Amino acid sequence: MIKHLLLIILLGISIDSIAQTDRQFVRDGNRLYHKKAYDKAEVMYRKAISKNPANSQAIYNLGCALMMQSKDSAAVVQYLNAAKIEKNKQRLALVYHNIGVICQNHRMYGEAIKAYKQSLRNNPKDNETRYNLALCKRLQKKQGNKNNQNKKQEKDNKNKQDGKDKQNDKEKDKNKGQDNQAKPKEEQMSKDNAEQLLNAAMQSEKATQQRMKKALQKPSSRRLQKNW
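Residues numbered from 1 in each chain as written. Predicted model: local features only at pLDDT ≥ 70, side-chain atom pairs only at ≥ 80, totals over all residues. Heavy atoms only, no water.

Peer 1: Please explain helix H4 (residues 56-68) as it appears in this structure.
Peer 2: Working note: α-helix, 3.6 residues per turn, so residues spaced by three or four point in the same direction. Look at H4: 19 Å from first C-alpha to last across 13 residues, which is about the 18 Å you get at 1.5 Å a residue. Counting buried residues along H4, twelve of its 13 residues qualify, which places the element largely inside the surrounding structure. Between the side-chain oxygen at the start of H4 and the backbone nitrogen of Gln 57 there is a gap of 3.2 Å, and the oxygen is on Asn 55. Backbone geometry just after H4 places Ser 70 at a positive phi near 65°. (Helix = DSSP H or I, 4+ residues; strand = E, 2+ residues; numbered from the N terminus. Expected span 1.5 Å × (residues − 1). Buried < 20%, exposed > 50% of the residue type's maximum accessible area, 1.4 Å probe, protein only. Polar contact = N/O pair within 3.5 Å; in protein donor to acceptor, adjacent residues only side chain to side chain.)

Here it is as C-alpha cells:
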C-alpha cells in the first residue's frame, strides 16, 4: 500500500516555519491531490519548491503526486531529494517506504528490500513495511530460482545445438571422404577404358596394315591397258 499521506497535514508540521507562499501552494496542492487531480497538484508543489527549495514536505508531496501518475522514476528522484534534507525519522520512513513500493512494483526486489530496511531503521514499528520486506524476500528467492532454471534451460539448449552441429560436421566430413575416395576410382576406370580403346585401335590398325601388305605381294591377274 502506498503511503501517500501528506506530511503538511498528517504530521502536524508547524506552518509558522514555512513562508506564506510555500504554505499556500502546498495547501492548494493538497486540495487538488485529494480530488485526485494529481497533475494539477504536481504544478502546485513545484511552485512551492521554486519558492523554497529546502521545503522537504513539498518535495515529498511532489513525489507522491508523480507516483500517482505512474511517473515512477521521477517520483524516486523527488523522494531521494527529500531524504537528503529531511531530519524527521517518521518522515524519512515514509520516503523510503514509497521508494520500496516503486521498486517492488517493477520487480526490483533487491532495491525494494534495501529501501524497506532503511524505512524500518527510521520506524521499526511499521508493520506494513515489515510485511512488504518479507514478501520481497520471498519474491526475490522465487525470481532467482526461475532465473537459474532459465539459465539451465538455455545451457541445455545450447549443448543440444552444439551436439547437432558436431554431428552435422561429422556427416559432412564423412561424405567428403567418400567423395574423395570415389573420385580416384572413377578416374582409374576412365584411364583403363581409354587404354583398352587405344589397344583395340592399335590392333585393328596393325591387322589392316598386314592385309594391305599381303595384297601388294600377290601378282595381279589383270593386265594394264594403254591409252590410245
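Peer 1: Looking at this model, I keep getting lost on helix H5 (residues 72-85). Mind explaining?
Peer 2: Taking 1.5 Å of rise per residue, the 14 residues of H5 would be expected to cover 20 Å, and the 21 Å separating its terminal C-alpha atoms lies within 8% of that figure. Along H5, the positions that sit buried rather than exposed are Asp 72, Ala 75, Val 76, Gln 78, Tyr 79, Ala 82 and Ala 83. Down the axis of H5, the sector holding all buried residues measures 165°, keeping them to one side. Residues Ser 73 and Lys 84 are exposed on H5 and point more than 90 degrees away from its buried face. If you follow the buried residues of H5, they end up packed against H4 and helix H6 (89-105). (Arc of directions from axis to C-beta. Contact = heavy atoms within 4.5 Å.)

Peer 1: Honestly, the packing of H4 against H6 in this entry has me stumped. Any pointers?
Peer 2: Helix packing geometry: the angle between the two helix axes and the distance between the axes. Relative to each other, H4 and H6 sit at 20°, their axes nearing to 11 Å. For the element pair H4 / H6, the angle class is roughly parallel. As for how H4 packs across H6, the hand of that crossing is left-handed. Taking contact as the criterion, the partners of Gln 57, Tyr 60, Cys 64 and Met 67 in H4 are, on H6, Arg 91, Leu 94, Val 95, Asn 98, Val 101 and Ile 102. (Axes fitted to C-alpha atoms, helices over the stretch in contact; angles between N-to-C directions. Parallel < 35°, antiparallel > 145°, perpendicular 65-115°, else oblique. Left-handed = near helix turned anticlockwise from the far one by under 90°.)

Peer 1: What is the right way to look at the side chain of Gln 104 in this model?
Peer 2: Checked against the element boundaries, Gln 104 lands in helix H6. Filtering out sequence-adjacent residues up to four positions away, Gln 104 remains in contact with Tyr 109, Ala 112, Tyr 116, Asn 132, Leu 135 and Cys 136.

Peer 1: Would you explain the confidence of the model for the protein chain in this entry?
Peer 2: Where the model shows low pLDDT, its predicted coordinates should not be examined in detail. Taken residue by residue, the protein chain gives an average pLDDT of 79. The fraction at 70 or more is 65%. Predicted confidence for residues 8-19 stays below pLDDT 50, and this span has 19 contacts to residues more than four positions away or in other chains. Ignoring residues within four places in sequence, the model shows residues 218-228, a span with pLDDT below 50, making zero contacts including any to other chains. (pLDDT = per-residue confidence, 0-100.)

Peer 1: Teacher, can you tell me more about the nonpolar core here?
Peer 2: Nonpolar side chains in soluble globular proteins tend to be buried together. Counting residues in hydrophobic clusters, the biggest one holds 36 residues, and the most contacted among them are Tyr 33, Tyr 45, Tyr 60, Tyr 79, Val 95 and Ile 99. Those elements that place two or more of their residues in this core are helix H2 (20-34), helix H3 (38-51), H4, H5, H6, helix H7 (109-122) and helix H8 (127-217). (Core = buried A, V, L, I, M, F, W, Y, C linked by side-chain atoms within 4.5 Å.)

Peer 1: Whenever I open this one, the environment of Ala 65 confuses me. Can you help?
Peer 2: Position of Ala 65 among the secondary structure elements: in helix H4. Relative accessible area serves as the criterion here: at 0%, Ala 65 is assigned to the buried category. Not counting residues within four places of it along the chain, the set of residues in contact with Ala 65 comprises Tyr 33, Tyr 38, Glu 42 and Tyr 45.

Peer 1: What am I meant to see in unusual backbone geometry here?
Peer 2: Leaving glycine aside, a negative phi is the common case for residues, and trans is the common case for peptide bonds. The phi torsion at Lys 36 lies on the positive side, around 65°, for a residue other than glycine. Phi at Arg 107 is positive, roughly 60°, even though this residue is not glycine. Within the secondary structure, Arg 107 is located in the loop between H6 and H7.

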